Amino acid sequence: MKLTLRVWRQKNADTKGKMVKYHLDDVDEDMSFLEMLDVLNEKLTLDDEDPVSFDHDCREGICGSCAMVINGVPHGPQKNTTTCQLHMRHFSDGDTIDVEPWRARAFPVIKDLVTDRSAFDQIIQSGGYVSVNTGSAPDAHATPVDKVSADDAFDAATCIGCGACVAACPNGSSMLFTAAKVTHLGLLPQGQPERATRAINMLAKQDELDFGGCTNVGACAEVCPKGIPLASISRLNHDVLGATLSGARAD
């Protein structure tokens, strides 16, 4: 396929960026989107130009590194698919494709398509864990968990922390991410001792880091590559309300 790419180029966080046009003439439909960018970077390197910087790691849809907006949609046109798992057969010969970084105040651009998403790490550090001393691993059936709670917790735990929810939200809110982390621990017995403080602390940290507020637009759930449901946010709100009424306060 022959493609025209318009890629966001920005030297560093302190300089202004712009869209730069590139042409590729030998794109195989079986390439992944990142492999197509590899071909572009090889071409740029041979032409003694600076290659396009972008995050990637596992390239298996697991790590959440491949954060980029493709034609205005985080991770591109395929629903429930990360950028690294998006293949070029979903595009047509002669297409023009816009590639941009995440756009959010809490995710500043470092270079080109690379953004600083360490704010997510800070939200996790504020409460996204179980700190009880459990000793050695217990037997699998030692603590019964009902099927519905187990399934819902597992669905929430599939969140890979890519940040597509923030990039899609018109407010730049991270509520779906925070809700997924609160939900998958709050539905399990191991997460009960810290359930109230976890919800309060993680929400407070989210607000502190300048993420926007949630207005239930639903764009986050639409672009989430793991299909985290919007209902997760209602679980977070439920836990925060319960914690507030019980007198829990953020640490």
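Use the structure listed above.
Nothing here was measured: the structure is a model prediction, and the numbers come from that model.

1. What to know about the environment of Ala156
Within the secondary structure layout, Ala156 lies in helix H3 (residues 147-157). The class for Ala156 is buried, based on a relative accessible area of 2%. When the C-alpha atoms of Ala156 and His184 are compared, they prove to be 5.2 Å apart, with 28 residues separating the residues in sequence. Setting aside its immediate chain neighbours within four residues, Ala156 contacts Ala180, Thr183, His184 and Ile228.

2. What about the pairing of strand S5 (residues 96-100)?
Consecutive side chains of a regular strand alternate in pointing toward one face of the sheet and then the other. As paired elements, strand S1 (residues 3-9) and S5 share four bridges and run parallel to each other. Within S5, the residue paired with Arg6 across the bridge is Asp98. As paired strands, strand S3 (residues 69-70) and S5 are joined by two bridges and run antiparallel to one another. Across the sheet, Val69 pairs through a bridge with Glu100, a residue of S5.

3. Focus: the pairing of S1
Most of S1 is tucked away, with six of its seven residues classed as buried. Sheet topology note: the S1/strand S2 (residues 18-24) ladder contains seven bridges and is antiparallel. Its bridge partner being in S2, Val7 is matched across the sheet by Val20.

4. Here we look at the nonpolar core
Formed by 38 residues in total, the largest nonpolar core has its most connected members in Phe107, Phe211 and Leu236. Among the secondary structure elements, those contributing two or more residues to this core are helix H2 (118-125), helix H4 (164-168), helix H5 (175-186), helix H6 (195-208), helix H7 (219-223) and helix H8 (231-245). When residues in this core are grouped by element, the largest group, six residues, is from H5. The residues that make up this core include at least three from each of domain 1 (3-110) and domain 2 (117-246).

5. Some thoughts on the side chain of Gln10
Along the polypeptide, Gln10 turns up in the loop between S1 and S2. Residue Gln10 is classed as buried on the basis of its relative accessible area, which comes to 9%. A polar contact is formed between the side chain of Gln10 and the backbone oxygen of Thr15, at a distance of 3.2 Å. Contact partners of Gln10, with chain neighbours within four places excluded, come to Thr15, Lys16, Gly17, Val109, Lys111 and Asp112.

Cut-off values and rules
- Residues numbered from 1 in each chain as written.
- Predicted model: local features only at pLDDT ≥ 70, side-chain atom pairs only at ≥ 80, totals over all residues.
- Heavy atoms only, no water.
- Helix = DSSP H or I, 4+ residues; strand = E, 2+ residues; numbered from the N terminus.
- Buried < 20%, exposed > 50% of the residue type's maximum accessible area, 1.4 Å probe, protein only.
- Contact = heavy atoms within 4.5 Å.
- Pairing = 2+ DSSP bridges.
- Core = buried A, V, L, I, M, F, W, Y, C linked by side-chain atoms within 4.5 Å.
- Domains from an automatic or database assignment.
- Polar contact = N/O pair within 3.5 Å; in protein donor to acceptor, adjacent residues only side chain to side chain.

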